[in-house]
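# Coordinate analysis (summary)
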Protein chains: 2
Amino acid sequence: MKTFAVIVAGGSGNRMGTALPKQFLELGGKPVLVHTAEAFLRAFPSIELVIVLPAAYLVKGKEILRNYFPDSSVHFTEGGSTRFHSVQQGLQKVKGPAIVFIHDAVRCVVSSSLIQRCYTQAMLKGSAIPAVAVKDSIRMVTEDKTDVVDREMLRAIQTPQTFHSDIILPSFQQEYDPAFTDEATVVEKFGQKIALIEGEETNIKVTYPIDLIVAAKILENRSII
Amino acid sequence: MKTFAVIVAGGSGNRMGTALPKQFLELGGKPVLVHTAEAFLRAFPSIELVIVLPAAYLVKGKEILRNYFPDSSVHFTEGGSTRFHSVQQGLQKVKGPAIVFIHDAVRCVVSSSLIQRCYTQAMLKGSAIPAVAVKDSIRMVTEDKTDVVDREMLRAIQTPQTFHSDIILPSFQQEYDPAFTDEATVVEKFGQKIALIEGEETNIKVTYPIDLIVAAKILENRSII
């Protein structure tokens, strides 16, 4: 089965306090986005990458990725005004039948084994949404009080959210709904069930400066850097 | 008003993969537990510390803390079989009226300003439970499906959970209930309302080896080490 990875690099990096968007920051000598792309290429060497970038960073993104991956199939497209619209743009490059990974560019230390497990489950069940246990005690805030939530019942959702093209492509033909917080919610609104899969504690998002240090340590422990 | 900090160091460190419990691991040249104690002593120099330790580590804990804080008032007590029982032991050292902080020993980079804010709110409202926004997308797993939870309504709970002694002492006279996941749940079961307060992203728990690296970086950014 063909594979596509739609890598969404929408952010412009405000929380980092840097001028450069997070996906271009250096991690172990390479831009964050390059690590992300490498994880997918290691899992599936002939995967087609679709990089979704803000308009202002398309040229820079192309330059970097073509430099690192001259022989790989890499498409580029401009992001939209929301996550939904950015993914919708990226999906235009996908030709099914295929397994489609939709991934946050800033989850740059995702392991190739998680990507492969997502593929296998998406082949079997149509989808694979990585999720991990919630470590903190959680309360739900309602009007004038807060209630403890049984944390055993909660899962924190990660990416790559992975789908068969027969499911994800028609789902993204729907009209936009502000309730679309991720791809799983889009697919569910379209009437399809989604299937969770065990994610990884280390599959962190690089959002704050400290996350880059953590990401470097995770790679170091894996001897990738 | 008098202040007490009950610092609960129950863990024996399995997840760290070290022989030494997490509260004794070195962070910037000092044991984790010393950093925790210092945060409270900086916030309230005349605070009385109550250190709850596993029986096997009482001698070591006393030695370390008396070495670092020879002039401070530090009590020691042996932990129980659950968090509830450990806190119950610690509270026996508390003589009200006082504001009582109940804190995880492994939240060793809590700021003195959060501790002071908790004090102020507990004086006004009887309690202060630090809580932060939840960053991940969260789903609730029910029998055969999962539902998106509106993350805006969720809060991740931290410590120090802070109370007026008139509330916390009688609450811990109750019989144990397995639903007691933290001190706030104990107080609520006793029929008292609890009041959340904004916590801190950096108020992390040192649970995994990588957390020690993150904790060191947080301290470095604050120029404490």
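This one's a predicted model, so the numbers in the text were calculated from it and none came from an experiment.

## Description of the interface of chain A and chain B
Listed by partner, the interface residues are 32 residues for chain A and 32 residues for chain B. Buried surface at the junction of chain A and chain B, both sides included, amounts to about 2800 Å², of which 66% is carbon and sulfur. Where chain A meets chain B, there are 2 salt bridges. Linking Glu188(A) and Arg139(B) is a salt bridge whose minimum nitrogen-to-oxygen distance equals 3.0 Å. For the interface between chain A and chain B, the tally reads 8 residue pairs in polar contact (both at pLDDT 80 or more). Elements with a contribution of two residues or more to the side of chain A that touches chain B: strand E8 (137–142), strand E9 (145–149), strand E10 (154–157), helix H6 (183–189) and helix H7 (209–221) of chain A. Sorting elements by how many residues they give to the side of chain A that touches chain B places E8(A) first, with 6 residues. Classifying every residue of the side of chain A that touches chain B by side-chain character gives 18 nonpolar, 5 polar and 9 charged. Inspection of the sheet shows E10(A) paired to strand E8 (residues 137–142) of chain B by 4 bridges, in the antiparallel sense.

## A look at the packing of H7(A) against helix H7 (residues 209–222) of chain B
Remark: H7(A) packs on H7(B), axes separated minimally by 10 Å, with the N-to-C direction vectors making an angle of 145°. Where H7(A) crosses over H7(B), the handedness of that crossing is right-handed. Contacts between H7(A) and H7(B) involve Ile210(A), Ile213(A), Val214(A), Lys217(A) and Ile218(A) from the former and Ile210(B), Ile213(B), Val214(B), Lys217(B) and Ile218(B) from the latter. Taken together, the residues of the contact of H7(A) with H7(B) sort by class into 8 nonpolar, no polar and 2 charged.

## Some remarks on helix H3 (residues 83–91) of chain B
Residue and element names in this part refer to chain B. All buried positions along H3 are accounted for by Phe84, Ser86, Val87, Gly90 and Leu91. The buried residues of H3 occupy an angular sector of 165° when the element is viewed end-on, so they sit on one face. In this fold, the buried residues of H3 make contact with strand E1 (2–8), strand E4 (48–53), strand E5 (73–78), strand E6 (98–104), helix H5 (165–171) and helix H6 (183–189). A distance of 3.3 Å separates the backbone nitrogen of Phe84 from a side-chain oxygen at the start of H3, and that oxygen is part of Thr82.

Rules used in this analysis
Residues numbered from 1 in each chain as written. Chains lettered and ligands numbered in written order. Predicted model: local features only at pLDDT ≥ 70, side-chain atom pairs only at ≥ 80, totals over all residues. Heavy atoms only, no water. Contact = heavy atoms within 4.5 Å. Buried area = accessible area lost by both parts, 1.4 Å probe. Salt bridge = Lys/Arg side-chain N within 4 Å of Asp/Glu carboxyl O. Polar contact = N/O pair within 3.5 Å; in protein donor to acceptor, adjacent residues only side chain to side chain. Helix = DSSP H or I, 4+ residues; strand = E, 2+ residues; numbered from the N terminus. Nonpolar A, V, L, I, M, F, W, Y, C, P; charged D, E, K, R; others polar. Pairing = 2+ DSSP bridges. Axes fitted to C-alpha atoms, helices over the stretch in contact; angles between N-to-C directions. Left-handed = near helix turned anticlockwise from the far one by under 90°. Buried < 20%, exposed > 50% of the residue type's maximum accessible area, 1.4 Å probe, protein only. Arc of directions from axis to C-beta.

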